[in-house]
Amino acid sequence: QVQLVESGGGLVQAGGSLRLSCAASGSIFSITMGWYRQTPGKQREWVARITPGGSTIYADSVKGRFTISRDNAKKALFLQMNSLKPEDTAVYYCNAWTTLSSWGQGTQVTVSS
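Presented here is a report on the structure given in the accompanying data block. Note that the structure is predicted; figures quoted are calculated from it, not measured.

Here we look at the sheet that holds strand E9 (residues 90-96)
- On the basis of which strands lie adjacent, the open sheet formed by six strands has the order E2-E10-E9-E4-E5-E6 and mixed pairing. Across the chains shown, the open sheet's two edge strands, defined by having one partner strand only, are strand E2 (10-13) and strand E6 (56-58). Taking the axes of each pair of neighbouring strands and ignoring which way they run, one obtains an average angle of 25° across the sheet.
- Judged from the five bridges that link them, strand E4 (residues 33-38) and strand E5 (residues 45-50) form a sheet pairing that is antiparallel. Across the sheet, the residue bridging to Gly34 is Arg49, located in E5.

Right under this line is the structure:
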């Protein structure tokens, strides 16, 4: 069994910031993890990923604005989002990178103009 619970989303004005959290339970956390998002009418897309050792890589659309991090002891994943744009509006999810677990409910991020 694995559970992924995302939190921290909300409504923010363009240029603002949010910090998303992901709590994982019932699974081995020493794997590469990632953040994903899904916007209306579009497929779920990858946003950022991080290895157990802390190496990161980002999608071009968020590079320089988002920062992914993790706390292995707490089995937690984070996404610091700065300089938010309306096009960042989506439901954000956490999950593994190579082998996906079942999806959580996600957390809604809405960026207004």
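Focus on the pattern of salt bridges
- Throughout the structure, instances matching the rule amount to four salt bridges.
- Across the pair Glu45 and Arg37 runs a salt bridge, and its minimum N-O distance is 2.9 Å.
- Residues Lys63 and Asp60 are paired through a salt bridge, measuring 3.1 Å at the closest nitrogen-oxygen approach.
- Among the charged side chains, a network of salt bridges with common partners joins Arg37, Glu45, Arg65 and Asp88.

Overview of the nonpolar core
- Core analysis: the biggest nonpolar cluster contains 27 residues, and Trp35, Phe66, Ile68, Leu77, Leu79, Met81 and Tyr92 have the highest contact counts within it.
- The set of elements that each furnish at least two residues to this core consists of strand E3 (18-25), E4, E5, strand E7 (66-71), strand E8 (76-81), E9 and strand E10 (107-112).
- Excluding anything up to four places from it in sequence, Phe66 contacts Arg37, Val47, Tyr58, Leu79, Gln80, Met81, Asn82, Leu84, Asp88 and Tyr92.

Here is what the cut-offs are and how they apply
Residues numbered from 1 in each chain as written. Predicted model: local features only at pLDDT ≥ 70, side-chain atom pairs only at ≥ 80, totals over all residues. Heavy atoms only, no water. Pairing = 2+ DSSP bridges. Helix = DSSP H or I, 4+ residues; strand = E, 2+ residues; numbered from the N terminus. Axes fitted to C-alpha atoms, helices over the stretch in contact; angles between N-to-C directions. Salt bridge = Lys/Arg side-chain N within 4 Å of Asp/Glu carboxyl O. Core = buried A, V, L, I, M, F, W, Y, C linked by side-chain atoms within 4.5 Å. Buried < 20%, exposed > 50% of the residue type's maximum accessible area, 1.4 Å probe, protein only. Contact = heavy atoms within 4.5 Å.

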